[in-house]
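Examining the three-dimensional arrangement
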Amino acid sequence: MPAYSSLARRVRRPAVALLGGLVSASLALTLAPTAAAAPMAPPPGKDVGPGDAYMGIGTRIEQGLGAGPDERTIGPADTSGVQGIDVSHWQGSINWSSVKAAGMSFAYIKATEGTNFKDDRFNANYTNAYNAGLIRGAYHFARPNSSSGAAQADYFASNGGGWSRDNKTLPGVLDIEHNPAGAMCYGLSTTQMRTWINDFHARYKARTSRDIVIYTTASWWNTCTGSWSGMAAKAPFWVAHWGVSKPTVPSGFPTWTFWQYSATGRVGGVSGDVDRNKFNGSAARLLALANNTA
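The notes below deal with the structure included here.

About the criteria used
Residues numbered from 1 in each chain as written. Predicted model: local features only at pLDDT ≥ 70, side-chain atom pairs only at ≥ 80, totals over all residues. Heavy atoms only, no water. Helix = DSSP H or I, 4+ residues; strand = E, 2+ residues; numbered from the N terminus. Contact = heavy atoms within 4.5 Å. Phe/Tyr/Trp six-rings, centres within 6.5 Å; stacked < 30°, edge-to-face > 60°. Buried < 20%, exposed > 50% of the residue type's maximum accessible area, 1.4 Å probe, protein only. Disulfide = S-S within 2.5 Å. Salt bridge = Lys/Arg side-chain N within 4 Å of Asp/Glu carboxyl O.

**Describing the environment of Trp196**
- Structurally, Trp196 can be placed in helix α7 (residues 190–208).
- Setting aside anything within four residues of it in sequence, one finds Trp196 in contact with Ala142, Arg143, Pro144, Ser147, Ser148, Gly149, Gln152, Leu174, Ile176 and Leu188.

**Some details on the packing of aromatic side chains**
- As enumerated under the stated definition, the model contains 16 aromatic pairs in all.
- Measuring from ring centre to ring centre gives 5.1 Å for Tyr108 and Trp238, while their planes differ by 45 degrees; the resulting arrangement is tilted. Taken together, the residues span a long stretch of sequence, with Tyr108 in strand β4 (residues 106–113) and Trp238 in strand β9 (residues 237–240) at a distance of 130 residues.
- Exposure remark for Trp238: the relative accessible area of 0% places this residue in the buried category.
- Here Trp220 and Trp221 contribute two aromatic rings whose centre-to-centre distance is 6.4 Å and whose plane-to-plane angle is 50 degrees, an arrangement assigned as tilted.
- Residue class for Trp220 comes out buried when judged on its relative accessible area of 0%.
- The class of Trp221 is buried, set by a relative accessible area of 0%.
- An aromatic cluster of at least three residues, connected via ring pairs, comprises Phe106, Tyr108, Tyr215, Trp238, Phe258 and Phe279.

**So, the state of the cysteines**
- The full count for this structure, using the stated rule, is one disulfide.
- A disulfide bridge connects Cys185 with Cys224, and the sulfur atoms are separated by 1.9 Å. Its S-S torsion of about -80 degrees marks the bond between Cys185 and Cys224 as left-handed, since a negative value means left-handed. Of the two residues, Cys185 sits in the loop between β7 (173–175) and α7 while Cys224 sits in helix α8 (residues 218–224), which places them 39 residues apart along the sequence. One exposure class covers both Cys185 and Cys224, and it is buried.

**What to know about the pattern of salt bridges**
- Taken as a whole, this structure holds six salt bridges when the rule is applied.
- For Asp154, the salt bridge is made with Arg203, and the minimal N-O distance between the two is 2.3 Å. Taken together, the positions of Asp154 in helix α6 (residues 149–158) and Arg203 in helix α7 put the pair 49 residues apart, joining distant regions of the chain.
- Looking at Asp154, the relative accessible area reads 22%, which means it is partly exposed.
- One salt bridge in this structure joins Asp154 and Arg207, with 2.9 Å as the shortest N-O distance.

Spelled out as structure tokens, the structure:
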């Protein structure tokens, strides 16, 4: 989840102290910032161009931001257990050692969007998260109106979405949510959307041997796939539902594997707000998901 100007996202800026300003400007002292300021991302709307999307941008259209209590006010029930974050280039430079020290166990990192855009901070984030000891994975922001599911799965698998059994790599995520710059379902019928998702899953599995994780909201899935149950036995489900004590799962899935419960979380090592997530299980089960031994 990134910063952007129309929402309450606090960005740290360097403090400047001027010592003896009346004596000499040469005595001015500029204090270093405590963390690198993140860039300002576009809100949902016509200005969200290809490559600019991020996990949760469509969720904002459905759920807003700040409409309910976030993870800082709900209480310990939501911040217990196995915790993680998701990020993109909109988070700027991240200190992954601090993220790990803050108690995060996993991270999902934006890799690709459509068939032409690779996140310019993916390589650094993916490598540094691994080196800091987090279990990490990659996500693909879907653009179903721009190319086929198979084509986008190929692009994802070739540009960061691969998988290996190394105790540190989670299966890739298909981030498919409300179109941030147009019709909710990208102009596809429920039948066309089911085909698109199934094609993405099939090609990704052929390339990596893993089932894709699906990130979306209950509202989007029920509306755009017609409450489809066809992925329930194949794809772990990541539900986005903010400011509640229990997420709503769409009709097509029995339960959630990951829950994005806040878009306004704070974590050491990340400047400003960041999406907070919880895994539905123990650390051992998360490792089993990573290594495909679950």
